[in-house]
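So you can see what is in the structure, the chains are spelled out below.
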Amino acid sequence: MSHTLGIRQAQKQKTRQAFLDAALALLEEQSLSSLGLREVTRAVGVAPTAFYRHFRSTADLGVALVDEALGSLHPMVRTTVATAGAERITRAVQLIAGHVAAHPAHVRFIARERHGGVQPVREAIRAQLARFAVEVKTELAKDPEAEGWSDEDLLMLAHLYVDQMLITASLFLETLESPDSPEPSEAARQRVVQVATRQLRLISLGRQHWLD
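To keep things clear, this report deals only with the structure shown in the data block. Quantities reported herein were computed from a predicted structural model and do not represent experimental measurements. (Residues numbered from 1 in each chain as written. Predicted model: local features only at pLDDT ≥ 70, side-chain atom pairs only at ≥ 80, totals over all residues. Heavy atoms only, no water.)

### Details of the overall build of the protein
At step 1: Tallying secondary structure elements over the protein gives 10 helices and 0 strands in all.
At step 2: Ordered by position from N to C terminus, the α and β elements of the protein give α-α-α-α-α-α-α-α-α-α.
At step 3: Taking all 212 residues of the protein together, the buried fraction comes to 40%.
At step 4: Across the protein, every contact between residues at least 6 apart in sequence was considered, and the portion connecting residues at least 24 apart equals 66%. (Helix = DSSP H or I, 4+ residues; strand = E, 2+ residues; numbered from the N terminus. Buried < 20%, exposed > 50% of the residue type's maximum accessible area, 1.4 Å probe, protein only. Contact = heavy atoms within 4.5 Å.)

### Some points on the packing of aromatic side chains
At step 1: Evaluation of the coordinates by the stated rule reveals 5 aromatic pairs.
At step 2: Seen in terms of ring centroids, Phe51 and Tyr52 are 5.6 Å apart; in terms of plane orientation they differ by 85°. Their pairing is edge-to-face.
At step 3: Among the residues examined, Phe51 registers a relative accessible area of 0% and is labelled buried.
At step 4: Residue Tyr52 is classed as exposed on the basis of its relative accessible area, which comes to 52%.
At step 5: Taken together, the ring pairs in this structure connect Phe19, Phe51, Tyr52 and Phe55 into an aromatic cluster.
At step 6: Its guanidinium or amino end placed over the ring of Trp149, Arg207 lies 5.9 Å from that ring's centre, counting from NZ or CZ. (Phe/Tyr/Trp six-rings, centres within 6.5 Å; stacked < 30°, edge-to-face > 60°. Lys NZ or Arg CZ within 6 Å of the ring centre and 35° of its normal.)

### A short note on helix 10 (residues 185-208)
At step 1: In this model, helix 10 (24 residues) spans 35 Å end to end at C-alpha, consistent with the 34 Å of a helix rising 1.5 Å per residue.
At step 2: For helix 10, the complete set of buried residues consists of Ala188, Val192, Ala196, Leu200, Ile203, Ser204 and Arg207.
At step 3: Against the buried residues of helix 10 lie helix 6 (85-102), helix 8 (119-140) and helix 9 (151-177). (Expected span 1.5 Å × (residues − 1).)

### Regarding the nonpolar core
At step 1: Counting 56 residues, the largest nonpolar core has Leu61, Leu65, Val66, Phe109, Val136 and Leu140 as its most contacted members.
At step 2: If you tally residues by element for this core, the top one is helix 9, at 10 residues.
At step 3: If near-sequence neighbours (up to four positions away) are discounted, Val66 is found in contact with Gly71, Phe109, Ile110, Val121, Ala124, Ile125 and Gln128. (Core = buried A, V, L, I, M, F, W, Y, C linked by side-chain atoms within 4.5 Å.)

### Structural notes on the environment of Val93
At step 1: Considering the arrangement of structural elements, one finds Val93 in helix 6.
At step 2: Assessed through its relative accessible area of 4%, Val93 is described here as buried.
At step 3: A sequence separation of 77 residues divides Val93 from Arg16, and the C-alpha atoms of the two residues are 32 Å apart.

### A look at the environment of Ile96
At step 1: As for its position among the elements, Ile96 is in helix 6.
At step 2: Placed 74 residues apart in sequence, Ile96 and Ser170 show a C-alpha to C-alpha distance of 9.6 Å.
At step 3: With sequence-adjacent residues up to four places away left out, Ile96 is seen in contact with Met165, Thr168, Ala169 and Phe172.

### Some remarks on the packing of helix 5 (residues 73-82) against helix 6
Two measures define how a pair of helices packs: the angle their axes make with one another and the distance between the axes.
At step 1: As a packed pair, helix 5 and helix 6 sit with axes 8 Å apart at the nearest point and diverge in direction by 155°. Looking at the two axes, helix 5 sits roughly antiparallel to helix 6. From helix 5, Leu73, Met76, Val77, Thr79, Thr80 and Val81 reach across to helix 6, where they touch Arg88, Arg91, Ala92, Leu95 and His99.
At step 2: When grouped by side-chain class, the residues that make up the contact of helix 5 with helix 6 number 6 nonpolar, 3 polar and 2 charged. (Axes fitted to C-alpha atoms, helices over the stretch in contact; angles between N-to-C directions. Parallel < 35°, antiparallel > 145°, perpendicular 65-115°, else oblique. Nonpolar A, V, L, I, M, F, W, Y, C, P; charged D, E, K, R; others polar.)

### Quick look at the pattern of salt bridges
At step 1: Taken as a whole and assessed by the stated rule, the structure comprises 10 salt bridges.
At step 2: Between Glu139 and Lys142 there is a salt bridge, and its shortest N-O distance comes to 3.4 Å.
At step 3: When its relative accessible area of 12% is taken as the criterion, Glu139 is described as buried.
At step 4: Sharing partners across several salt bridges, the network here consists of Arg78, Arg131 and Glu135. (Salt bridge = Lys/Arg side-chain N within 4 Å of Asp/Glu carboxyl O.)

### Observations concerning the packing of helix 6 against helix 9
At step 1: One can describe the packing of helix 6 onto helix 9 by two numbers: an axis separation of 9 Å at closest approach and a directional angle of 45°. Considering the angle they form, helix 6 stands oblique to helix 9. In terms of crossing hand, the pair formed by helix 6 and helix 9 is right-handed. Between helix 6 and helix 9, the residues in contact are Val93, Ile96, Ala97, Val100 and Ala101 and Met165, Thr168, Ala169, Phe172, Leu173 and Leu176, respectively.
At step 2: The residue inventory of the contact of helix 6 with helix 9, partitioned by class, reads 10 nonpolar, 1 polar and no charged. (Left-handed = near helix turned anticlockwise from the far one by under 90°.)

None of this, on its own, says anything about what the molecule does.
Dropping the structure here:
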């Protein structure tokens, strides 16, 4: 019996992932608010009623995509911020570049839906970003430079870092989406690395003088 249940659970998870993959592919060309349930089920090759065994609505599916896009990044972000000095900035930029290269559709989805028309998805993205900020704040508080800082100011600084990482992700995404650009893709990517590194350094330098 347990073996049968295990097979059924695996099949259910496989079908659920198929819905997520199909939706992500369809969202390359449209926003979530315009995505039709029948579009998704047609892409998966199942009846529309099968959708409701996995998701309550397309908004619910969108929230699951947010978790898929950002949920796995938390341990990596914590590890990156736990490093000190210039290495922290270098590793942060490398992390963003690698994630964008490996998961461009997820990054594009987050960039579009962060201010999109589906409220539960906007709220899910906001919650994930707030969680990142708290995790970054926890690591920043361990730095010697954090002495004398209030929790409020540390959280503000953490949000600055998170916002800058989002901007950097969007810039890396543009280097993948501009094949007609006169600047070769690798040169464009290195340009983003340089700019992002300088911008993060500027935040770090500002931090050193905040209590002056």
